[in-house]
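Below, each chain spelled out in residue letters.
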Amino acid sequence: LEPTAAPGSIIAPPAANARDARGLYTMVRWDQDPALEVWQDPCVGGAVIRTYWKDVEPQPGHYNWDYLDRQFSNAETYGKKLHVIISPGFWSPDWVLNQVPTAEFQVRFGPDSGYQGPLPLPWGETYLNLWLDFVKVFGERYHNRPLAIVSATGPTSQNGEMRLPIQHED
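All values reported here derive from a predicted model rather than from experimental measurement. (Residues numbered from 1 in each chain as written. Predicted model: local features only at pLDDT ≥ 70, side-chain atom pairs only at ≥ 80, totals over all residues. Heavy atoms only, no water.)

### Observations concerning the overall build of the chain
The helix and strand inventory of the chain stands at five helices and six strands. Listed N to C, the secondary structure of the chain is β-α-β-α-α-β-α-β-β-α-β in terms of helices and strands. The buried share among the 170 residues of the chain stands at 39%. Long-range contacts, defined as pairs at least 24 residues apart, comprise 62% of the intrachain contacts of the chain with a sequence gap of at least 6. Approximately 9800 Å² of the chain is accessible, and the part contributed by carbon and sulfur atoms is 51%. (Helix = DSSP H or I, 4+ residues; strand = E, 2+ residues; numbered from the N terminus. Buried < 20%, exposed > 50% of the residue type's maximum accessible area, 1.4 Å probe, protein only. Contact = heavy atoms within 4.5 Å. Areas by Shrake-Rupley, 256 points an atom, 1.4 Å probe, with all protein chains shown as cover.)

Written out as structure tokens, the structure is:
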């Protein structure tokens, strides 16, 4: 898109088209809102937003959609798309971690680098079923919203990148 107004003015974005997710995407810190300038910039196609499963479903079947709802509302208002990353694995709710097999690993990347904690075993049927139940609820809630990509992979140590943790023998 080429700006057609003076610098600093607000340009109305084109109508969003679910099949036409293009442009630059801004990536914001975990659970942070993109700046208003990002939403208003006609050269920005959308935002990459990231949150943790434990923050969205802190108790079984009880969801906190506030952060995601706000991002979708902004994306719709400004004609943008979202790339949503919801991290399970290390960031699964405690109620999940308490009922599935886990192993201790260290987070090697990102804002929690160095954290040592339980990671659900990726082949655990109970864990996978709980995660897939969450993904289904997410999909039912947001399937008609301005999504470009949803990274709902897991339970890896780095969501969206499909990395398993590395355990070093000391």
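### Considering unusual backbone geometry
Its identity is not glycine, yet Asp-31 carries a phi of approximately 60°, on the positive side. Note that Asp-31 resides in the loop between strand 1 (24-27) and helix 1 (36-40). Given a relative accessible area of 27%, Asp-31 falls into the partly exposed group.

### Here we look at the side chain of Lys-80
Inspection of the secondary structure puts Lys-80 in the loop between helix 3 (66-78) and strand 3 (81-87). Asp-41 provides the closest opposite charge to the buried, salt-bridge-free Lys-80, at an N-O distance of 6.0 Å. At 2.6 Å, the side chain of Lys-80 and the backbone oxygen of Asp-41 are in polar contact. Among residues more than four places away in sequence, those in contact with Lys-80 are Val-38, Trp-39, Asp-41, Pro-42, Val-44, Gly-45, Gly-46, Ala-75 and Pro-146. (Lys, Arg positive; Asp, Glu negative; His and termini not counted. Salt bridge = Lys/Arg side-chain N within 4 Å of Asp/Glu carboxyl O. Polar contact = N/O pair within 3.5 Å; in protein donor to acceptor, adjacent residues only side chain to side chain.)

### Considerations on the environment of Pro-118
Note that Pro-118 resides in strand 5 (residues 116-120). Its relative accessible area of 22% is what places Pro-118 among the partly exposed residues. Counting along the chain gives 29 residues from Pro-118 to Gly-89, while the straight-line C-alpha distance between them is 8.3 Å. Discounting residues that sit within four places of it in the chain, Pro-118 has contacts with Phe-90, Leu-97, Thr-102, Ala-103 and Glu-104.

### Some details on the sheet that holds strand 2 (residues 44-52)
Taken in spatial order, the four strands make up an open sheet running 1-2-3-6, and their pairing is parallel. In this open sheet, the two strands that pair with only one neighbour each are strand 1 and strand 6 (147-151). Ignoring strand direction, the axes of neighbouring strands in this sheet form an average angle of 20°. Bridge count for strand 1 against strand 2 is four bridges, and the pairing is parallel. Following the sheet pairing, Thr-26 is matched in strand 2 by Ala-47. Helix-sheet contacts for helix 5 (residues 125-142) involve strand 3 and strand 6, and the interaxial angle to strand 3 is about 160°. (Pairing = 2+ DSSP bridges. Axes fitted to C-alpha atoms, helices over the stretch in contact; angles between N-to-C directions.)

### Comments concerning the confidence of the model for the chain
Put simply, the chain has an average pLDDT of 81, and 76% of its residues get 70 or more. At the level of individual helices and strands, the chain shows its lowest average pLDDT in strand 6, which scores 80, and its highest in helix 4 (residues 94-97), which scores 97. Here residues 1-18 scores under 50 on pLDDT; set against residues more than four positions off or in separate chains, the count is 18 contacts. (pLDDT = per-residue confidence, 0-100.)

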